[in-house]
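Architecture and fold: a report
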Amino acid sequence: MSDEEELDLNSLDDEELVQQMHDDLYDGLKEEVEEGVNILLSRGWLPYRVLTEALVEGMRIVGVDFRDGILFVPEVLLAANSMKAGMTILRPLLAETGAPRLGKMVIGTVKGDIHDIGKNLVAMMMEGAGFEVINIGINNPVENYLEAIEEHDPDILGMSALLTTTMPYMKVVIDTMKEKGIRDDYVVLVGGAPLNEEFATAIGADAYCRDAAVAVETAKEFMVRKHNQMAAV
Amino acid sequence: MSRTSLDELLSSRDWLLADGATGTNYFQLGLMSGDAPELWNIDHPDRVRTVHRSFIEAGSDIILTNSFGCNRYRLKLHDAEDRVAELNNLAASLARQEADASDRPVLVAGSMGPTGEIFEPVGTLSMDAGREAFAEQAAALKEGGADVLWIETISSVEELTAATEGAGTAGLPVIGTMSFDTNGRTMMGLTPKDFGEITRSLQVGLAGIGANCGTGASEMVATVLGITEARPDAIVVAKGNCGIPKYVDGHIHYDGTPELMADYARLARDAGVRIIGGCCGTTAVHLKAMRAALQAHTPGAKPSVEAIEQRLGSVSDLAHGRDVAAEAAASDDRRSRRRRRA
């Protein structure tokens, strides 16, 4: 293995190429990921298969190493940017082919808090995992959350806060949802550095997600539960 | 009376007590979640001064101004990005008035928190723009009467560099602390030792280096052990959280007791820390206990990680000397890359 070695992605068979794309995602090599996506499509792969086997699986590996403290925010941002570039190619094709969606999430940082980083990571990883994500940005008063869930009818509402001065605002949002009788229509996930499990329980959220990788795992679990419940009815 | 400088105070004393939490204490006085504490410099100057005074009365030698989020990027959120000069100036002068009213020397440290933006190349904020924002804030803090500039809660090398260079333009001593809250590292992946090494080569020499916030008092002591190991020559600062946040009756409550914080102060002192304070959750009651503990304490040997865990609570794998990131990087086979571009 030499660092100088140039590799022609076209020369790889499908399996090797997908492996290589996982590595390229891991290393945040955006152009290589885009090239890989285009090659697989030109070989007749369905967009949904490219998404799940190349991109989602690649981001899953990134997520595991992030969770385990092997990768940090800068590396994950680069990987997520590469994934996004690949998604940009796939998105219109996915829409045409009516590919299945895991679920839908509205996510935003609460009022008074401008922290973007963790929340965007969650949004990107969720998208990478096959969720549709509506990112409503930072500094959201409760009205913004209510509008977004009414407009988009998501399965999941995600809230983020990085300050001890803003984390109590999550409870304001949840309490307002309760007042309106819509709290139980959604799975509410919360995250952010100063939070913990106990806090999430105390404010009435469904779960606390320690990081973006855990958020994806938790969201998937809740979607499975939801499907099972619906099947049981 | 001429003001005492940081240097003078440090050469006359073995340790200095910094102050406690701003946000958590403001909540007790009616700050609403989501509102900017910095606007209290205008709306409730009396409350800002009350908190400063309570810290001084509890024994703080250094108080931090109410200006943590007072850079143009953070203020933008409250449509106050054009009020950097006004708010920082006020923040410093409120602290100054309380410091000057004390019968012992109290230093005013101009608090400077992160921009909330990600710096290039991963993010979009340029070094020049970052430097400029910090310089703008530093100048106003100096104007208002700050003795030192206190950069805190930084997580990336880029922002640390921009902040120190920006703050450096004001001509005051600069202290820089990072926040190690992710498995013993900063959010951006820096270890306490990395940070110590980096401070050697910053263009602006720092009068003090250290850590603030993070995950709790135990990890804080483990963190400063890493910093003092890399920089045994430096003045080291620790401003640890008062335990772990809990949600009680609509408020955030940190579970650290005054006894725990007193023990944290002793251990931090043993670890080689010269400036000790508390971050989130730390009240005047905690500070008083910390001051009494430090006064009665004869520093002992550097504590072992086991001793820290036994007395304060658990610490990260990294603090135990197990660096999973380095291990994974060393065993490169974990991900057999066939190709890598620089």
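A few points about the overall build of chain A
Counting secondary structure elements, chain A contains 9 helices and 5 strands. Put simply, chain A runs from its N terminus to its C terminus through helices and strands in the order α-α-α-α-β-α-β-α-β-α-β-α-β-α. Against the compact-globule benchmark of 17 Å for 233 residues, chain A has a radius of gyration of 19 Å, which places it among compact chains. Of the contacts made within chain A by residues no fewer than 6 positions apart, 71% connect residues no fewer than 24 positions apart. Here chain A has roughly 9,800 Å² of accessible surface; of this, 49% comes from carbon and sulfur atoms. Once the 19 positive and 42 negative side-chain charges of chain A are each reduced to a mean point, those two points are 9 Å apart.

Thoughts on the packing of aromatic side chains
Under the counting rule described, the total for this entry stands at 2 aromatic pairs over all chains. Ring centres of Tyr26(B) and Trp40(B) lie 4.9 Å apart, and the angle between their planes is 25°; this geometry places the pair in the stacked category. In this pair, Tyr26(B) is assigned in helix H2 (residues 23-28) and Trp40(B) in helix H3 (residues 40-43), connecting sequence segments 14 residues apart. Comparing Tyr26(B) with Trp40(B), the two get one shared label, buried. Here the guanidinium or amino end of Arg49(A) rests over the ring plane of Trp45(A), the centre of that ring lying 3.6 Å away.

Section: the pattern of salt bridges
Side chains that carry opposite charge are capable of pairing whenever their charged atoms lie near each other. All names here are of chain B. Under the counting rule described, the total for this entry stands at 33 salt bridges over all chains. With a closest N to O distance of 3.3 Å, Asp61 and Arg104 form a salt bridge. With Asp61 in the loop between helix H4 (45-58) and strand S2 (62-64) and Arg104 in the loop between helix H6 (84-100) and strand S3 (107-112), the pair connects residues that are 43 residues apart, well separated along the chain. Between Glu86 and Arg83 there is a salt bridge, and its shortest N-O distance comes to 2.9 Å. On the accessibility criterion, Glu86 (35% relative accessible area) is partly exposed. Residue classification places Arg83 among the partly exposed residues on the basis of a relative accessible area of 28%. Through salt bridges with shared partners, a single network forms among Arg3, Arg96, Asp100 and Asp147.

Examining the packing of helix H5 (residues 117-128) of chain A against helix H9 (residues 212-232) of chain A
Residue and element names in this part refer to chain A. Interhelical geometry of H5 versus H9 gives an angle of 45° and a closest axis separation of 9 Å. The angle between H5 and H9 falls in the class oblique. Considering only the axes of H5 and H9, their crossing is right-handed. Residues Leu121, Val122, Met125 and Met126 of H5 touch H9, and the partners they reach there are Ala212, Ala213, Ala215, Val216 and Ala219. Among the residues forming the contact of H5 with H9, the class breakdown is 9 nonpolar, no polar and no charged.

A word on the interface of chain A and chain B
Every contact between the two is made by 49 residues of chain A and, on the other side, 42 residues of chain B. It is Phe72(A), Ile114(A) and Thr165(A) that lose the most area in chain A upon contact with chain B, and together they represent 15% of the buried surface on that side. Summed over the shared surface of chain A and chain B, the result is 1 salt bridge. Here Asp35(B) ties to Lys111(A) by a salt bridge, and the two come within 3.9 Å at their closest N and O atoms.

Quick word on the side chain of Ser316(B)
Within the secondary structure layout, Ser316(B) lies in the loop between helix H13 (305-312) and helix H14 (324-330). Other than its neighbours up to four places away in sequence, Ser316(B) contacts Asn183(B), Gly184(B) and Glu219(B).

Examining the pairing of strand S3 (residues 156-160) of chain A
Residue and element names in this part refer to chain A. Where burial is concerned, most of S3 is hidden: 5 out of the 5 residues are buried. Residues Ile156, Gly158 and Ser160 of S3 are buried on one face, and the alternating residues Leu157 and Met159, pointing to the opposite face, are buried as well. Between S3 and its parallel partner strand S4 (residues 187-191), the chain crosses via helix H7 (residues 169-179), and the hand of that crossover is right-handed.

Overview of the state of the cysteines
All names here are of chain B. Counting across every chain of the model gives 0 disulfides over all chains. Cys70 carries a free sulfur, and the closest cysteine sulfur to it, the one in Cys279, is 17 Å from it. Cysteine Cys242 shares no disulfide, and the gap to the nearest cysteine sulfur, in Cys280, comes to 9.9 Å.

Details of the confidence of the model for chain B
Here chain B shows a mean pLDDT of 93. Residues at 70 or above account for 96%. The complex model carries a pTM of 0.87, and its ipTM stands at 0.79.

A few points about helix H12 (residues 284-296) of chain B
Over its 13 residues, H12(B) runs 18 Å from end to end, which matches the ideal 18 Å to within 8%, given 1.5 Å per residue. At its buried positions, H12(B) is contacted by strand S1 (16-17), H4, helix H11 (258-270) and strand S10 (275-278) of chain B.

Digging into the nonpolar core
In this structure, Met159(A), Met170(A), Val190(A), Leu149(B) and Tyr264(B) are the most contacted members of the largest nonpolar core, which totals 105 residues. Considering every element that reaches this core, the biggest residue donor is helix H10 (residues 217-230) of chain B, with 7 residues. Non-local contacts of Val190(A), meaning those with residues more than four positions away in its chain, are made with Met159(A), Met170(A), Leu195(A), Ala200(A), Ile203(A), Ala205(A), Ala207(A), Tyr208(A) and Cys209(A). In terms of nonpolar packing, the next biggest core, distinct from the first, is built from 62 residues, Leu12(A), Leu90(A), Ala123(A) and Ala207(A) among them.

Concerning H4(B)
All names here are of chain B. Its 14 residues give H4 an end-to-end C-alpha distance of 20 Å, which sits within 8% of 20 Å, the value for a rise of 1.5 Å per residue. Taken together, the buried positions of H4 are Val48, Val51, His52, Phe55, Ile56 and Ala58. Its buried side turned inward, H4 meets H2, H3, S2, H6 and H12. Two residues or fewer past H4, Gly59 is found with a positive phi of approximately 120°.

Considering the environment of Asp68(A)
Residues and elements named next belong to chain A. As for its placement among the helices and strands, Asp68 is situated in the loop between helix H3 (47-67) and helix H4 (73-97). What makes Asp68 partly exposed here is its relative accessible area of 32%. Sequence-wise, Asp68 and Asp27 are 41 residues apart; in three dimensions their C-alpha atoms are separated by 17 Å.

With respect to the sheet that holds strand S5 (residues 174-178) of chain B
All names here are of chain B. Strands sit in the order S1-S10-S7-S6-S5-S4-S3-S2 across an open sheet of 8 strands; the sheet is parallel. At either end of the open sheet lies a strand with only one pairing partner, and these are S1 and S2. Where H6 meets the sheet, its contacts fall on S2 and S3, and the angle it forms with S3 comes to roughly 160°. Each of strand S6 (208-213) and strand S7 (236-240) is contacted by H10, which is oriented at about 165° to S7, the strand it contacts most.

What counts, and where the lines are drawn
Residues numbered from 1 in each chain as written. Chains lettered and ligands numbered in written order. Predicted model: local features only at pLDDT ≥ 70, side-chain atom pairs only at ≥ 80, totals over all residues. Heavy atoms only, no water. Helix = DSSP H or I, 4+ residues; strand = E, 2+ residues; numbered from the N terminus. Rg over C-alpha atoms; globule rule 2.2 N^0.38 Å. Contact = heavy atoms within 4.5 Å. Areas by Shrake-Rupley, 256 points an atom, 1.4 Å probe, with all protein chains shown as cover. Lys, Arg positive; Asp, Glu negative; His and termini not counted. Charge placed at Lys NZ, Arg CZ, Asp CG, Glu CD. Phe/Tyr/Trp six-rings, centres within 6.5 Å; stacked < 30°, edge-to-face > 60°. Buried < 20%, exposed > 50% of the residue type's maximum accessible area, 1.4 Å probe, protein only. Lys NZ or Arg CZ within 6 Å of the ring centre and 35° of its normal. Salt bridge = Lys/Arg side-chain N within 4 Å of Asp/Glu carboxyl O. Axes fitted to C-alpha atoms, helices over the stretch in contact; angles between N-to-C directions. Parallel < 35°, antiparallel > 145°, perpendicular 65-115°, else oblique. Left-handed = near helix turned anticlockwise from the far one by under 90°. Nonpolar A, V, L, I, M, F, W, Y, C, P; charged D, E, K, R; others polar. Buried area = accessible area lost by both parts, 1.4 Å probe. Right-handed = clockwise from strand over helix to strand, strands pointing away. Disulfide = S-S within 2.5 Å. pLDDT = per-residue confidence, 0-100. Expected span 1.5 Å × (residues − 1). Core = buried A, V, L, I, M, F, W, Y, C linked by side-chain atoms within 4.5 Å. Pairing = 2+ DSSP bridges.

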